[in-house]
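Topology and contacts: notes
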Amino acid sequence: MRIDILTLFPKMFESVLGESILKRAQGKGAINIKIHDLRDWTFDNHRSADDKPFGGGPGMVMKVEPVSLALKDIAPARPKGAKVILLTPQGKRLDQELVKCISKEKELILICGHYEGIDERIRLLADEEISIGDYILTCGEIPAMVLIDSVTRLIPGVLGSKDSVTQESFENGLLEYPQYTRPADFEGMRVPDILLSGDHKKIEEWRGKEALKRTGKRRPDLLKKKG
Ligand code: 4G3
């Protein structure tokens, strides 16, 4: 998957994309990320990417022209080409189902909004608006990284074994079962005997039961959704 990012803060991406699984995914060619500084498409003396809101009021508003010009340069002809996604608190809420859907795209262009808000006409340049949750952040860069991370790990070949994706939380609509590693006894807190028994059938049963129990207690909404 190719991912183009339009941002006013390119450096924010360096550490997140330069470590661990996201780094390896790029090394393997599973994802090909290009970061574009929106200031490269500002042409006034101050290279302004924001301006005062029409009608007055506090704060600054992100300008539309740099985003528009950047899109024209990056995706010159895109009749059904890249999917342009704007990260905003007003977008469709991101969940694992939407992540899975986006992971099938060939090319994404992510627009990171900033400041106290964005010019409404930026919305018209996007195919889709996505929110990572009901809270406000200072910028769209962190949501863009959340989206990239969640999507990348679903691309075939990125994670070690297929099982680690399909067995985990949300993939089956349930929260994860409790997991343990050594020591078997940590300050009197013992790992459940069943996990030390070597009885794989019993262990699978126990994990299924625990996942269900935990989901019912913590996230009954997920059980309803599952039906
Ligand atoms: C656009 C996304 C961007 C308009 C962005 C604010 C939270 C999310 C921004 C706007 C953001 C989210 C930057 N905050 N929940 N802030 O995904 O009003």
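Just above, that's the structure.
Right, let's walk through the structure included here. Residue numbering note: each chain is counted from 1, following its sequence as written. The model is predicted, so local features are restricted to residues of pLDDT at least 70 and side-chain atom pairs to those at 80 or more, both for listing and for counting; the totals for chains, interfaces and linings are taken over all residues. To get the side-chain values, take all heavy atoms of the structure and skip hydrogens and water.

Here the focus is the nonpolar core. Definition used in this section: a nonpolar core is a set of buried Ala, Val, Leu, Ile, Met, Phe, Trp, Tyr and Cys residues joined via side-chain atoms within 4.5 Å. Here's how the labels work: a residue is buried when its accessible area is under 20% of the maximum for its type, exposed when over 50%, partly exposed in between, all with a 1.4 Å probe on protein chains only. Among the nonpolar cores identified, the biggest contains 30 residues, and Ile3, Ile102, Leu110, Leu147 and Ile148 are the most heavily contacted of them. Counting from the N terminus, the helices are DSSP H or I runs at least four residues long and the strands are E runs at least two residues long. Here this core takes 5 residues from helix α6 (residues 141-152), the largest share from any one element. In this structure, Ala49, Met62, Val67 and Ala82 belong to the second largest nonpolar core, which totals 20 residues.

Okay, the site of the ligand next. Whether a residue is near a molecule or strand depends on its heavy atoms: if one lies within 4 Å, it is near. Neighbouring residues of the ligand: 15 residues in total, closest Ser131, Ile132, Gly133, Tyr135 and Leu137. Whenever two N or O atoms come within 3.5 Å, that pair is a polar contact, provided that in protein one can donate a hydrogen and the other can accept it, and provided that, for residues adjacent in sequence, both atoms are side-chain atoms. Residue Leu137 places a main-chain N or O atom 2.9 Å away from a nitrogen atom belonging to the ligand. Accessible surface area values rest on a Shrake-Rupley calculation with a 1.4 Å probe, where residue burial reflects the displayed protein chains alone. Burial of the ligand by the protein chains amounts to 95% of its free accessible area of 420 Å². Per-element tally for the shell around the ligand: the top contributor is strand β5 (residues 83-93), with 3 residues.

Looking now at the pattern of salt bridges. Put simply, a salt bridge is a Lys or Arg side-chain nitrogen that is within 4 Å of an Asp or Glu carboxyl oxygen. Applying the stated criterion across every chain, the model contains 16 salt bridges. Close ionic contact of Arg2 with Glu107 constitutes a salt bridge, the shortest N to O distance being 3.7 Å. In this pair, Arg2 is assigned in strand β1 (residues 2-7) and Glu107 in strand β6 (residues 107-112), connecting sequence segments 105 residues apart. Among the salt bridges present, the one from Asp95 reaches Lys225, with a minimum N-O distance of 3.7 Å. Separated by 130 residues along the polypeptide, Asp95 in the loop between β5 and α4 (96-102) and Lys225 in helix α10 (residues 220-226) bring together distant segments of the chain. The class for Lys225 is exposed, based on a relative accessible area of 59%. Put simply, Arg2, Asp4 and Glu107 are held in one network by salt bridges that share partners.

Take Ser150: it is sitting in helix α6. There is a polar contact of 2.9 Å between the side chain of Ser150 and the backbone oxygen of Leu147. The residues touching Ser150, leaving out its near neighbours within four places in the chain, are Leu94 and Val99. Contacts were defined at the residue level, with two residues in contact if any of their heavy atoms lie within 4.5 Å.

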